[in-house]
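Understanding the architecture of this molecule
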Amino acid sequence: MTRHFLRDDDITPAEQRQILDLAVQLKRDRFQAKPLAGPQTVAVIFDKSSTRTRVSFAVGIADLGGVPLIISTASSQLGGKETASDTARVLERQVAAIVWRTYAQAGLEEMAAGTRVPVVNALSDDFHPCQLLADFLTIREHRGELAGLTVAFLGDGRSNMAQSYLLAGATAGMHVRVASPAQYSPDASVVADAERRALETGGSVAVLADPAEAAAGADVIVTDTWVSMGKEDEKAARVKTFGDYQVDAAMMARAKVDALFLHCLPADRGYEVTAEVIDGPQSVIWDEAENRLHAQKALLVWLFEQNEQTAPARKAGF
């Protein structure tokens, strides 16, 4: 059975640790693993514009000895004349893996169901699991063991970042608090899945309305843009709704004195976060951005190891 990475709980707690451990190795020695030597090709598909995702996957695939094939859906048949499953069956005969940044999670699930090569969610409306691997690598670098840490996400609880923090944080044994207005609470099924995973790991999840309560005593404060791609026409209403959830110096002061600040970027300075915080000493956003490269390389190597039909990963010695 082919292993994919479509949402954060597609991997077990032990597997999450394995991937992060491998990311540490690959950050220390960027070119030690060459599972794509040949070179083999990885299809990287974009429905949405991108900077960090495009660069980190393109560079990472090249580091692993492969060739990134960047595909824009605007110039392909995917989503137009051809279904995701049909596209997957075409691609699997020519590429080692498929990476897709898209809108609907259902499209990724259809893609994965129709192919024998690993499919990676590079962002969907529901989840952003590759970003969470990078975030957790960053937190590990600055704070050590993830289990037992408290992380507070402030803002749009229905966003892909908030929902991924619930699933990935519970998987890591963290205490995850999501603070958002009631109408933007995370999907109930995602919360339930995170609660089940937390029972396995000793972590916990909490959905709150009060951002100050969520931030109190936290080890990590996280936010994301209030206006995601496709929501631009809602900006005025969202700014008004989320105003109390801005991460400013006063909000950071409610967390632990050495709390970290994370943001997946791009940031709307002066909206979800002030310049004083994002450029301040507690911000680790540039480490976080770089770690997309190392975490995603580790994920690809790990997926190749898990899937017998992508056996070239064995060449890397992992």
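Read on for a plain summary of the structure. Because the structure is a prediction, the values reported are computed rather than measured.

1. Some details on the overall build of the protein
For the protein, the count of helices and strands is twelve helices and nine strands. Since a compact globule built from 318 residues should have a radius of gyration of about 20 Å, the 19 Å found for the protein is in line with a globular shape. Counting only C-alpha atoms and orienting by the principal axes, one finds that the protein spans roughly 55 × 40 × 35 Å. In the protein, which comprises 318 residues, the proportion classed as buried is 56%. Sequence-distant contacts, at least 24 apart, represent 76% of the contacts inside the protein between residues at least 6 apart. Of the roughly 12,700 Å² that the protein leaves accessible, carbon and sulfur atoms contribute 50%. Where the 32 positive side-chain charges of the protein centre and where its 42 negative ones centre are 5 Å apart.

2. Quick look at the layout of surface pockets
What the second largest pocket holds in volume is close to 150 Å³. Arg17, Glu145, Leu146, Ala147 and Ala172 are the residues nearest the centre of the second largest pocket, which is lined by 13 residues in total. Top element by residues in the lining of the second largest pocket is helix H1 (residues 13-28). It accounts for four residues. Its residues assigned to classes, the lining of the second largest pocket comprises five nonpolar, five polar and three charged.

3. Focus: helix H3 (residues 84-91)
Within the sequence span of H3, burial applies to Ala84, Thr87, Ala88 and Leu91. Take H3 and look down its axis: the buried residues cluster within an arc of 100°, on one side only. On its buried face, H3 sits against strand S1 (41-46), strand S3 (97-101) and helix H4 (105-113).

4. A short note on the sheet that holds strand S5 (residues 150-154)
Spatially, S7-S6-S5-S8-S9 is the arrangement adopted by the five strands of the open sheet, whose pairing is parallel. Looking at the sheet topology across the chains shown, the edges are occupied by strand S7 (204-208) and strand S9 (260-263). Shown here is a sheet whose adjacent strand axes are inclined to one another by a mean of 20°, direction ignored. Alignment of strand S6 (residues 175-179) against S7, held across five bridges, turns out to be parallel. Along S7, the bridge assignment pairs Arg177 with Ala206. Where helix H5 (residues 129-143) meets the sheet, its contacts fall on strand S8 (220-223) and S9, and the angle it forms with S9 comes to roughly 165°.

5. Looking at the side chain of Glu288
In this fold, Glu288 is placed in helix H12 (residues 285-306). For Glu288, which is buried and forms no salt bridge, the nearest opposite charge comes from Arg292, at a distance of 8.1 Å. Those residues in contact with Glu288, other than ones at most four positions away along the chain, are Gln131, Ala134, Asp135, Thr138, Leu262, His263 and Cys264.

Parameters at a glance
Residues numbered from 1 in each chain as written. Predicted model: local features only at pLDDT ≥ 70, side-chain atom pairs only at ≥ 80, totals over all residues. Heavy atoms only, no water. Helix = DSSP H or I, 4+ residues; strand = E, 2+ residues; numbered from the N terminus. Rg over C-alpha atoms; globule rule 2.2 N^0.38 Å. Buried < 20%, exposed > 50% of the residue type's maximum accessible area, 1.4 Å probe, protein only. Contact = heavy atoms within 4.5 Å. Areas by Shrake-Rupley, 256 points an atom, 1.4 Å probe, with all protein chains shown as cover. Lys, Arg positive; Asp, Glu negative; His and termini not counted. Charge placed at Lys NZ, Arg CZ, Asp CG, Glu CD. 1 Å grid on protein atoms, 1.4 Å probe; cavity = no way out; pocket = protein on both sides within 12 Å on 5 of 7 lines; lining within 4 Å. Points joined across faces, edges and corners; volume = space filled by probe spheres on them. Nonpolar A, V, L, I, M, F, W, Y, C, P; charged D, E, K, R; others polar. Arc of directions from axis to C-beta. Pairing = 2+ DSSP bridges. Axes fitted to C-alpha atoms, helices over the stretch in contact; angles between N-to-C directions. Salt bridge = Lys/Arg side-chain N within 4 Å of Asp/Glu carboxyl O.

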